[in-house]
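# Breakdown of the fold
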Amino acid sequence: EGGCARHKTSATKPELKIGRDARLKPIMFVLHRMALSSHSLFTSSLRLSSNHRTSSMSLHFPVNSFASIPRRLADREIRVFALYRKRNALSTSSSAVATDSNEAAVVTEDKISEEVSNEKIVLPTNESSKRLLRIRHTCAHVMAMAVQKIFPDAKVTIGPWIENGFYYDFDMEPLTDKDLKRIKKEMDRIIGRNLPLIREEVTRGEAQRRIMAISEPYKMEILESIKEDPITIYHIGDDWWDLCAGPHVESTGNINRKAIELESVAGAYWRGDTNKPMLQRIYGTAWENEEQLKAYLHFKEEAKRRDHRRLGQDLDLFSIQDEAGGGLVFWHPKGATVRHIIEDAWKKIHMECGYDLLYTPHVARADLWKISGHLDFYRENMYDQMKIEEELYQLRPMNCPYHILVYKRKLHSYRDFPIRVAELGTVYRYELSGSLHGLFRVRGFTQDDAHIFCLEDQIKDEIRGVLDLTEEILLQFGFSKYEVNLSTRPEKAVGGDDIWEKATSALKDALDDKGWSYQIDEGGGAFYGPKIDLKIEDALGRKWQCSTIQVDFNLPQRFDITYVDSNSEKKRPIMIHRAVLGSLERFFGVLIEHYAGDFPLWLSPIQARILPVTDTQLEYCNEVNRKLKARGIRAEVCSGERLPKLIRNAEKQKIPLMAVVGPKEVETQTVTVRSRFGGELGTITIDDFICRTRQAVENRTLF
């Protein structure tokens, strides 16, 4: 169904490296068998709930209880096991969850010392805990009160709760870290006074009078934007008040001062308008108790350690050059190698699933974008037009019109459907410099774009085929948990009720048939058709918008594309937009952070580094390197330092395998293999090293 017979992926049970100490074999065999039935064994996740602690099935046995086993060896084996599945994308099944009000963010610990911990902590969210939302909202008010007590000339603007805390914008002089400490101390004093939060309703005129009395111009502007009457005000005791609809805690004493931290200060334009004043935005985080704050701070530190911008530089994967301009990505050799692997895997699966690959131009006449409607609805995200021989041309922000032109090149019969075309197409979109963020927000990027032209009664099968293809691709890269949303017809839309109902039902049926749970976003669809959006969950439990499937009734009409039906009459086909990875740049950034730069062997840009003990072994090392490369293994020779430093450098560069060569290895025509996760694995022949490396790459397992 859906033109792809490869709906089910086969999985080979992974082999666990036991190591050289035979005494560990019985223990590791038991662990191996349990690993095949449990994904949560030796998890490093910390989960924290507002009301209770949860625990998952686990084994807990301290390594030091194995008196007969050398500590170093046992540590190494358990370390290998703990990292085994996590680092090498061994997931063979996936799960999809709906967006739910009880959804919680998972915090993970990646330190090896914590890998064997079975304790889990689930951090509550604003959606899952109304109490937490009230705490965060009140903290914003308490912070504003503290700021104005310390800095009486500061003008307040807005202060909402956000995903992990709160912020408030002030019109005032720039703040320092020292100022934040003073503000936090004042907040603690306000909390300690246990002041009540009092809600008051006043007339618009009374609100204006009070705002003018305290000279708060931004509040007057906010008041003018409020359409409902009466106006609500929240007081903190008798000392401070703010325009606010709530909700809040009953008193400041309901806030745990040890569960709050002020994080940073940033500049923010009033109303997001660059022509308006630059404000000082103070960010803070707030939780229900100290344990949650500690878990969040650990999560934040781990996210910082995995930051793709830092790792991209440390591992020499990519850069964004000031001389070329912001938001334009330079793929370095190592990053380009990973991209090549991603692209090859993507192309292979698509061709097997019945897609024809396309390459189309990066520019087109401006008239094309008038027909598509982009100049009317998307102009602010497009670059300025360029004049070529008295005609206006435009850098493409989308690939869709090009694929339609390919479709229109000839007349189609109903027998031709479905028609599937796919392209790794680079597009260019204007983004404000302040919104650019590493690989996640750029100005030029490559989409894994595809379009399916089909008949109405083929929609369900085609959507199901896309869901299967999406799952297969994402599983390859280690993503097995998804959040799925189905968005339905908005108030303003093109297309009749019948086709909207049929398309929406087809999407629902495909998801039900797939067995994925999903949440319906009523009225959240695009004006041109319903859609399915899929977010992937990374190693830290963060969710990233990735795949999208959209039914389009608009572009076929705008471009007047048709086919000839069984009655020789012209009809309009259905068009489905879909992307699996989203953009290669953003997906690569997610991959870097998911693996913390520790790519599995099959995906690593350098799979093996050959290290001579002295320069005397260089000639043999180069020979080994040539043999490895000839068999498709990405290898390199590194020399010029003492062996311990060469090993440390390879560890820092996160090279999966090291082949150490000394006089004995030259004499016996062997190499001594070291693994990043398993330590020294013994001395083997070159042919054996090649065979085992290729087998591990093919099976996507450890060496």
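Let us look at the structure shown here. (Residues numbered from 1 in each chain as written. Predicted model: local features only at pLDDT ≥ 70, side-chain atom pairs only at ≥ 80, totals over all residues. Heavy atoms only, no water.)

## Quick word on the packing of aromatic side chains
- Under the defined criterion, the tally for this structure stands at 21 aromatic pairs.
- With a centroid separation of 5.5 Å and an interplanar angle of 45 degrees, the aromatic rings of Phe-477 and Trp-602 are classed as tilted. Taken together, the positions of Phe-477 in the loop between α13 (459–476) and β21 (481–487) and Trp-602 in the loop between α16 (584–595) and β28 (608–612) put the pair 125 residues apart, joining distant regions of the chain. Both residues of the pair, Phe-477 and Trp-602, belong to the buried class.
- One aromatic cluster is present, formed by Trp-331, Phe-588, Tyr-595 and Phe-599 through successive ring pairs.
- The cationic tip of Arg-136 hangs over the ring face of Trp-287; the distance from NZ or CZ to the ring centre is 4.3 Å.
- Between Arg-700 and the ring centre of Trp-602, over which it is positioned, the NZ or CZ distance is 3.6 Å. (Phe/Tyr/Trp six-rings, centres within 6.5 Å; stacked < 30°, edge-to-face > 60°. Helix = DSSP H or I, 4+ residues; strand = E, 2+ residues; numbered from the N terminus. Buried < 20%, exposed > 50% of the residue type's maximum accessible area, 1.4 Å probe, protein only. Lys NZ or Arg CZ within 6 Å of the ring centre and 35° of its normal.)

## Details of the nonpolar core
- Grouped together as the largest cluster of nonpolar side chains are 66 residues, with contacts concentrated most on Ile-536 and Phe-587.
- No other element matches α13, which puts eight residues into this core.
- When residues no more than four places from it in sequence are discounted, the contact partners of Ile-536 are Leu-474, Phe-479, Lys-481, Tyr-482, Arg-542, Lys-543, Trp-544, Cys-546, Phe-587 and Val-590. (Core = buried A, V, L, I, M, F, W, Y, C linked by side-chain atoms within 4.5 Å. Contact = heavy atoms within 4.5 Å.)

## A few points about a nonpolar patch on the surface
- A surface patch of nonpolar side chains, about 200 Å² in accessible area, is lined by Val-363, Met-386 and Ile-388.
- Within the fold, Ile-388 resides in strand β17 (residues 386–388).
- The class for Ile-388 is partly exposed, based on a relative accessible area of 38%. (Patch = residues over 30% accessible without salt bridge, like charges linked within 9 Å, V, L, I, M, F, W, Y side chains within 5 Å. Areas by Shrake-Rupley, 256 points an atom, 1.4 Å probe, with all protein chains shown as cover. Salt bridge = Lys/Arg side-chain N within 4 Å of Asp/Glu carboxyl O.)

## Brief notes about the sheet that holds strand β30 (residues 657–661)
- If you trace the five strands from one edge of the open sheet to the other, you get β29-β28-β30-β31-β32, paired in mixed fashion. Because the sheet does not close on itself, it has two edges, and the strands there are β29 (635–637) and β32 (679–685). The mean inter-strand angle of the sheet, taken between neighbouring strand axes irrespective of direction, is 25 degrees.
- Bridge count for β28 against β29 is three bridges, and the pairing is parallel. Its bridge partner being in β29, Arg-609 is matched across the sheet by Glu-636. (Pairing = 2+ DSSP bridges. Axes fitted to C-alpha atoms, helices over the stretch in contact; angles between N-to-C directions.)

## Quick notes on helix α7 (residues 290–305)
- Here α7 is 16 residues long and its end C-alpha atoms lie 22 Å apart, about the 22 Å a rise of 1.5 Å per residue gives.
- Residues of α7 that are buried: Gln-292, Leu-293, Ala-295, Tyr-296, His-298, Phe-299, Glu-302 and Ala-303.
- Of the residues flanking the start of α7, the one acting as N-cap is Asn-289, its side-chain oxygen 3.2 Å from the backbone nitrogen of Glu-291. (Expected span 1.5 Å × (residues − 1). Polar contact = N/O pair within 3.5 Å; in protein donor to acceptor, adjacent residues only side chain to side chain.)

## Details of the pattern of salt bridges
- Counted by the stated rule, this structure contains 48 salt bridges.
- For the salt bridge of Lys-387 with Glu-390, the shortest nitrogen-to-oxygen distance reads 3.5 Å.
- Members of the salt-bridge network, linked through shared partners, are Arg-464, Asp-468, Glu-471, Asp-513 and Lys-514.

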